[in-house]
There are 2 protein chains.
Amino acid sequence: MSNDRIWTAALIVIGDEILSGRTQDANIAQLAKWLNLQGIRLKEVRVVADDMDSIGEAVNALRVTNDYLFTTGGIGPTHDDITVDAISAALGLSVVIHPVARGILEEYYATRGGVTEARLRMARVPDGAELVENRLSGAPGLRIGNIFILAGVPHIAALMLDGLNGKLEGGKPLIARTLGCWVAESEVADLLSATEKAHEGVQIGSYPFFREGRVGANFVIRSTEMPVLDACLADLATRLSQKGLEPVEDGI
Amino acid sequence: MSNDRIWTAALIVIGDEILSGRTQDANIAQLAKWLNLQGIRLKEVRVVADDMDSIGEAVNALRVTNDYLFTTGGIGPTHDDITVDAISAALGLSVVIHPVARGILEEYYATRGGVTEARLRMARVPDGAELVENRLSGAPGLRIGNIFILAGVPHIAALMLDGLNGKLEGGKPLIARTLGCWVAESEVADLLSATEKAHEGVQIGSYPFFREGRVGANFVIRSTEMPVLDACLADLATRLSQKGLEPVEDGI
């Protein structure tokens, strides 16, 4: 397998609360940053409702087109937590009680009123799933094949990702550097395009903003190769300076 | 057509900056809230890269399964702005210069250096598209069929949505009320499920949180019918009180 193989992941954010606008999603950016560190690229995200068919369809579409698939949300103890059922159905697996997950819940709830039927829901897994540790609340995340089933509450999802750190095979991390400039991006569109073309293996993104009554843009240069990235950054800075602009390292 | 018809929309967020974690998306929640006011439900969101095929595939999948499709991002003047090209290709339409969009740009840039070739990119539209006004920066949004093409910068997207206010046919708005409670949601899981079942046309979502060292949850009740919503809310408050809990109106 080539050293340059690109490893990809997709994310399914499960939850009516995101689609209703009640909750501002924080899991997309959190997972994206964590994946960057593992050398894995987030290729696509879908946000779907708490609905068996919607979840199942997204799972089956994305698990085969990516090396890894993550889901967040819907693994709690209440009636609207249907992620395990939906993924099991999508994979043609039955839902079973995981004995270790049950043990974790029994220990966690020993001093909190014991494991009720509702709480036992959190030990239900697709048959064959492994647990992904969650040091905080007892309810574990799950791994079944290339699918990672995480909590919807961002700081619990973060703890589960901590537990997965360094355990997933990835490729070279995509590195990014930013140059900011007080300029309308339309004035430097040709310059950006020419700079990108002059440096193979580099993408330049242009992100305009309006601040303090002025227009500006941040130019983000991405590559897996540090020397290529550095050369492109220096070239872009030179070209902007030659136009009488003052590029700002690390962005504005 | 029935009065109870549910109108739906999907959103495609276009941009490497969201998938890399560099930018925290704000358009999902913004569009979701705006759609609620129009009586339209956001059913699915996809976040895709600045890539012709990824955009085209998502567009063709979602435009036929929803009444409306919105996109955000990729309509600026730089080389990474390919939304118009990708949507035109997906629909089998050619890309043309819209004379009114060109006029708007000429007026806007008259005192800002004139319309360059890069700026003229912002007047390119799928053949047959109408403009969606943008009072701020001159570059308009677009409508082609049931597809609305909006800016990626959230406050510009907001201005374009302002211009569309009340212009899209919708159904009854989904209304939501919240009860908060300092309780582990697993302790009231059965109660929530029973309450939802007792009130037809109501969904109850349970959203746990950890704050001030304590666990709690907000229960969000959703319905299109105010009397049904009120009855369910009162019933849930009674059931929680009967368990010795103190429900908090409008959430914690």
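None of the values given here were measured: they were computed from a predicted structure.

Engineer: Quick question: what am I supposed to make of helix α9 (residues 226–242) of chain B here?
Structural biologist: Counting along an α-helix, one turn takes 3.6 residues, and residues three or four places apart therefore face a common direction. All names here are of chain B. A rise of 1.5 Å per residue sets the reference length of α9, with its 17 residues, at 24 Å; its end C-alpha atoms lie 24 Å apart and thus fit the reference within 8%. For α9, the full list of buried residues reads Leu-229, Cys-232, Leu-233, Leu-236 and Leu-240. Taken end-on, α9 shows its buried residues confined to a sector of 100 degrees, consistent with a single buried face. Opposite the packed face of α9, turned more than 90 degrees from it, sit the exposed residues Pro-227 and Gln-242. Buried positions along α9 lie against β9 (175–181), α8 (189–198), β10 (203–211), β11 (214–223) and β12 (248–249). Phi turns positive one or two residues past the end of α9, at Gly-244, with a value near 85 degrees.

Engineer: What am I meant to see in the pairing of strand β1 (residues 7–14) of chain A here?
Structural biologist: Within a regular strand, side chains alternate between the sheet's two faces. All names here are of chain A. When you tally the buried positions in β1, you get 8 out of 8 residues, the bulk of the element. Burial along β1 is two-sided: the residues Trp-7, Ala-9, Leu-11 and Val-13 and Thr-8, Ala-10, Ile-12 and Ile-14 are all buried. Across 8 bridges, β1 lies against strand β2 (residues 40–48) in parallel orientation. Considered in β2, the bridge of Ala-9 is made with Leu-42.

Engineer: Looking at this model, I keep getting lost on the nonpolar core. Mind explaining?
Structural biologist: Generally speaking, soluble globular proteins have nonpolar side chains that are buried together. Ranked by size, the top nonpolar core spans 98 residues in total, and within it Ile-28, Leu-42 and Phe-70 of chain A together with Ile-28, Leu-42 and Phe-70 of chain B carry the most contacts. Apart from residues no more than four positions distant in its own chain, Phe-70 of chain B is found in contact with Ala-9, Ala-10, Leu-11, Ile-12, Leu-31, Trp-34, Leu-35, Phe-148, Leu-150, Leu-161, Leu-164 and Leu-168 of chain B.

Engineer: Just to check I follow, could you spell out the interface of chain A and chain B for this structure?
Structural biologist: Many analyses report the size of an interface as the accessible area lost when the parts associate. Taken together, the contacts link 55 residues of chain A with 55 residues of chain B. Interface of chain A and chain B: buried area, both sides summed, is about 4300 Å²; carbon and sulfur atoms make up 56% of it. On the surface where chain A and chain B come into contact, there are 2 salt bridges. On inspection of chain A and its partner chain B, the count reaches 16 residue pairs in polar contact (both at pLDDT 80 or more). Listing elements by their share of the side of chain A that touches chain B, those giving two or more residues are α1 (16–19), α2 (27–38), β2, α6 (117–120), α7 (154–164), α8 (189–198), β10 (203–211) and β11 (214–223) of chain A.

Cut-offs and rules
Residues numbered from 1 in each chain as written. Chains lettered and ligands numbered in written order. Predicted model: local features only at pLDDT ≥ 70, side-chain atom pairs only at ≥ 80, totals over all residues. Heavy atoms only, no water. Helix = DSSP H or I, 4+ residues; strand = E, 2+ residues; numbered from the N terminus. Expected span 1.5 Å × (residues − 1). Buried < 20%, exposed > 50% of the residue type's maximum accessible area, 1.4 Å probe, protein only. Arc of directions from axis to C-beta. Contact = heavy atoms within 4.5 Å. Pairing = 2+ DSSP bridges. Core = buried A, V, L, I, M, F, W, Y, C linked by side-chain atoms within 4.5 Å. Buried area = accessible area lost by both parts, 1.4 Å probe. Salt bridge = Lys/Arg side-chain N within 4 Å of Asp/Glu carboxyl O. Polar contact = N/O pair within 3.5 Å; in protein donor to acceptor, adjacent residues only side chain to side chain.

It is worth stressing that arrangement in space is one thing and function is another; only the former is reported here.
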